[in-house]
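In case you want the letters, here they are:
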Amino acid sequence: MLILKRHANGFEHATPSEITPRAVYEQRRAFVKALAAGTAGSAMALWAQREARAQDGTVARPGQLAPLAAQRSAVPGALTMEKLSAYKDIASYNNFYEFGTDKSDPVRNAHTLQTRPWTVAIEGAVKKPQTLAIEDILKLAPLEERIYRLRCVEGWSMVIPWVGFSLSELIKRVEPTGNARYVEFHTLADPKQMPYVRSSVLDWPYVEGLRIDEAMHPLALLAVGLYGEVLPNQNGAPVRLVVPWKYGFKSAKSIVKIRFVEKEPKTAWVKAAVQEYGFYSNVNPKVDHPRWSQATERRIGEDGLFQKKRPTQMFNGYEAQVGQLYAGMDLVKYY
Ligand SMILES: Nc1nc2c(c(=O)[nH]1)N[C@H]1C(S)=C(S)[C@@H](COP(=O)(O)O)O[C@H]1N2
Ligand SMILES: [Mo]
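Bear in mind that the values here come from a model prediction, so they are computed numbers and not experimental data.

**Student:** What am I meant to see in the overall build of the protein here?
**Tutor:** For the protein, the count of helices and strands is ten helices and 15 strands. The 335 residues of the protein split such that 55% are buried. Excluding contacts between residues fewer than 6 apart, the proportion of contacts in the protein whose partners are at least 24 apart in sequence is 71%. Accessible surface, the protein: about 15200 Å² in total, of which carbon and sulfur atoms supply 54%.

Spelled out as structure tokens, the structure:
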């Protein structure tokens, strides 16, 4: 449980010795030993760098992914070289409305989420509908590390080292039929585990969707980890979507159902405010939100009085990879 202390400029997290479970320290020690002994592979070396940079983490961490087999991704565009956001920022500044609407709510509340047992039902227009246990999903394809920019529609961004594999790996396995033009992602909505599911902030469950060709794009990621470790609950454990060229809300957390459909899905945010949020939600500096500009963004962790806002990039910087998906489309109309 996280302890928050009052500081001059708001709340700050307690020091690691106060809150980091002993197991995490022991696991780090074992990890460093493995490195010294040379028993860690090259993928581990990458993780070592992450680990070193993550030492500033002051948020409880759920532990290593097993097996430790993540490779650097070979997917073009999947490994941005930008400075990583700190673990503590990624895991304590969250949008996960099922656990509250303040950025600091999910890290405090999401410990009630039960991530085992967990299943994902895959249904609709597919030849092989099936229900997969999380253990099977973890083995569906080799785990890869992907370092993506995440741009929230609210005007902030981070750089996050995810672990997972292309959503297309799962899609190929279930063999979509010709009627599968869109994919819907339904996330858990259990008021017993998620206090705010009783509230009416959104029409639960949180549903997101992609066009099938977007879902098949190799950059569309099913993520199961973060910084080489198990996904913290507040980041959408045990399995979530990450669509780096779209605003963050498309990246549905804690998925329980994936449905292949013919019609464009009615997504939670479109239902909540259709004049503000569209189905596509591609990051686009030229299409403003009705209440604010999308031309620039604030990088979390660089906060400060004199932080220079960064220019927001078309498709969040993934235009070379995904621009072709939208050739000839009016991106103002289809926002
Ligand atoms: N189920 C669910 N998924 C969700 C949300 C949510 O409220 N509920 N918020 C979205 C928003 S607005 C963003 S910006 C990202 C944030 O992901 P992160 O907390 O891992 O950075 O999750 C998205 N996925
Ligand atoms: Mo967001």
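There is more to say after this.
**Student:** In this structure, what is going on with the packing of aromatic side chains? I would like to understand it.
**Tutor:** When we look at a pair of aromatic rings, we describe it by the centre distance and by the angle of the planes. Taken as a whole and assessed by the stated rule, the structure comprises 13 aromatic pairs. Measuring from centroid to centroid gives 5.7 Å for tyrosine 87 and tyrosine 227, while their planes differ by 55°, and the two rings are tilted. Here tyrosine 87 is found in helix 4 (residues 87-90), whereas its partner tyrosine 227 is found in the loop between strand 10 (221-226) and strand 11 (229-230), with 140 residues between them in sequence. No difference in accessibility class separates tyrosine 87 from tyrosine 227, as the two residues are buried. Ring geometry for tyrosine 182 versus phenylalanine 279: centroids 5.7 Å apart, planes at 85°, classification edge-to-face. Here tyrosine 182, found in strand 8 (residues 182-187), pairs with phenylalanine 279, found in the loop between helix 9 (268-272) and strand 14 (296-299); they are 97 residues apart in sequence, far enough to count as distant. Phenylalanine 279 matches tyrosine 182 in its accessibility class, with the two residues each being buried. In this structure, lysine 103 is placed above the aromatic ring of tyrosine 93, and the distance from its NZ or CZ to the ring centre is 5.8 Å. It is arginine 149 that lies over the ring of tyrosine 318; its NZ or CZ is 4.6 Å from the centre.

**Student:** Got a minute to help me understand the pattern of salt bridges in this structure?
**Tutor:** Two side chains with opposite charge may pair up if their charged atoms get near one another. Applying the stated criterion across every chain yields a total of 19 salt bridges. Lysine 128 is the salt-bridge partner of glutamate 175, the closest N and O atoms lying 3.0 Å from each other. Residue glutamate 175 is found in the loop between helix 7 (167-174) and strand 8, and its partner lysine 128 is found in the loop between strand 4 (119-124) and strand 5 (130-133); the two are separated by 47 residues along the sequence. With relative accessibility at 41%, the residue lysine 128 sits in the partly exposed group. Through salt bridges with shared partners, a single ionic network connects Glu82, Arg149, Arg151, Glu297, Arg299, Glu302 and Arg310.

**Student:** Even after reading the chapter, I still don't get the UniProt feature "binding site: Mo-molybdopterin" (unreviewed entry) in the protein, so can you show me in this structure?
**Tutor:** Taking the numbering used here, the UniProt-annotated feature "binding site: Mo-molybdopterin" (unreviewed entry) corresponds to Asn94, Tyr97, Glu98, Cys152, Thr187, Asn235, Arg240, Ser251, Ala252 and Lys253. Filtering the just-named annotated residues for those lining the second largest pocket gives Asn94, Tyr97, Glu98, Cys152, Thr187, Asn235, Arg240, Ser251, Ala252 and Lys253. Tracing the backbone through its elements, the reader meets cysteine 152 in the loop between strand 6 (144-151) and strand 7 (156-166). With residues up to four places along the chain from it excluded, the contact list for cysteine 152 reads Asn95, Tyr247 and Gly248. Note on placement: alanine 252 falls in the loop between strand 12 (240-242) and strand 13 (255-261). Judged by its relative accessible area of 0%, alanine 252 is buried. Once residues within four sequence positions are removed from consideration, alanine 252 is found in contact with Phe185, Thr187, Tyr206, Glu208, Arg240 and Leu241.

**Student:** I keep staring at the site of ligand 1 and nothing clicks. Help me out?
**Tutor:** Every one of the 17 residues lining ligand 1 counts as a neighbour, but Asn94, Tyr97, Glu98, Arg240 and Lys253 are closest to it. In the model, a nitrogen atom of ligand 1 is placed 3.3 Å from a nitrogen or oxygen of the threonine 187 side chain. Considering ligand 1 on its own, with 540 Å² of exposed area, one finds that the protein chains cover 98% of that surface. Applying the majority rule of atoms within 2 Å of the grid points places ligand 1 in the second largest pocket. In terms of residue class, the shell around ligand 1 is built from eight nonpolar, six polar and three charged.

**Student:** Would you take a moment to explain the side chain of threonine 115 for this structure?
**Tutor:** Within the secondary structure layout, threonine 115 lies in the loop between helix 5 (105-109) and strand 4. Apart from residues no more than four positions distant in its own chain, threonine 115 is found in contact with Ile134, Asn233, Ala237 and Pro238.

**Student:** Would you take a moment to explain the layout of surface pockets for this structure?
**Tutor:** Rolling a probe over the atoms, with the probe sized like a water molecule, indicates the empty space that remains. In this model, the second largest pocket occupies a volume close to 430 Å³. As for the second largest pocket, its lining consists of 27 residues, and the residues nearest its centre are Asn95, Phe96, Tyr206, Gly248 and Phe249. For the lining of the second largest pocket, the element with the most residues is strand 7, which contributes four residues.

**Student:** I tried to follow the nonpolar core on my own but got confused; where do I start?
**Tutor:** Side chains that are nonpolar tend, in soluble globular proteins, to be buried together. Grouped together as the largest cluster of nonpolar side chains are 92 residues, with contacts concentrated most on Trp162, Leu167, Phe185, Trp245, Ile258 and Phe260. Other than its neighbours up to four places away in sequence, tryptophan 162 contacts Glu144, Glu145, Arg146, Tyr148, Leu221, Ala223, Gly225, Leu226, Leu231, Arg240 and Val242.

Definitions and cut-offs
Residues numbered from 1 in each chain as written. Chains lettered and ligands numbered in written order. Predicted model: local features only at pLDDT ≥ 70, side-chain atom pairs only at ≥ 80, totals over all residues. Heavy atoms only, no water. Helix = DSSP H or I, 4+ residues; strand = E, 2+ residues; numbered from the N terminus. Buried < 20%, exposed > 50% of the residue type's maximum accessible area, 1.4 Å probe, protein only. Contact = heavy atoms within 4.5 Å. Areas by Shrake-Rupley, 256 points an atom, 1.4 Å probe, with all protein chains shown as cover. Phe/Tyr/Trp six-rings, centres within 6.5 Å; stacked < 30°, edge-to-face > 60°. Lys NZ or Arg CZ within 6 Å of the ring centre and 35° of its normal. Salt bridge = Lys/Arg side-chain N within 4 Å of Asp/Glu carboxyl O. UniProt positions renumbered as here; feature names shortened; annotations may be inferred. 1 Å grid on protein atoms, 1.4 Å probe; cavity = no way out; pocket = protein on both sides within 12 Å on 5 of 7 lines; lining within 4 Å. Near = heavy atom within 4 Å. Polar contact = N/O pair within 3.5 Å; in protein donor to acceptor, adjacent residues only side chain to side chain. Sits in = over half its atoms within 2 Å of the grid points. Nonpolar A, V, L, I, M, F, W, Y, C, P; charged D, E, K, R; others polar. Points joined across faces, edges and corners; volume = space filled by probe spheres on them. Core = buried A, V, L, I, M, F, W, Y, C linked by side-chain atoms within 4.5 Å.

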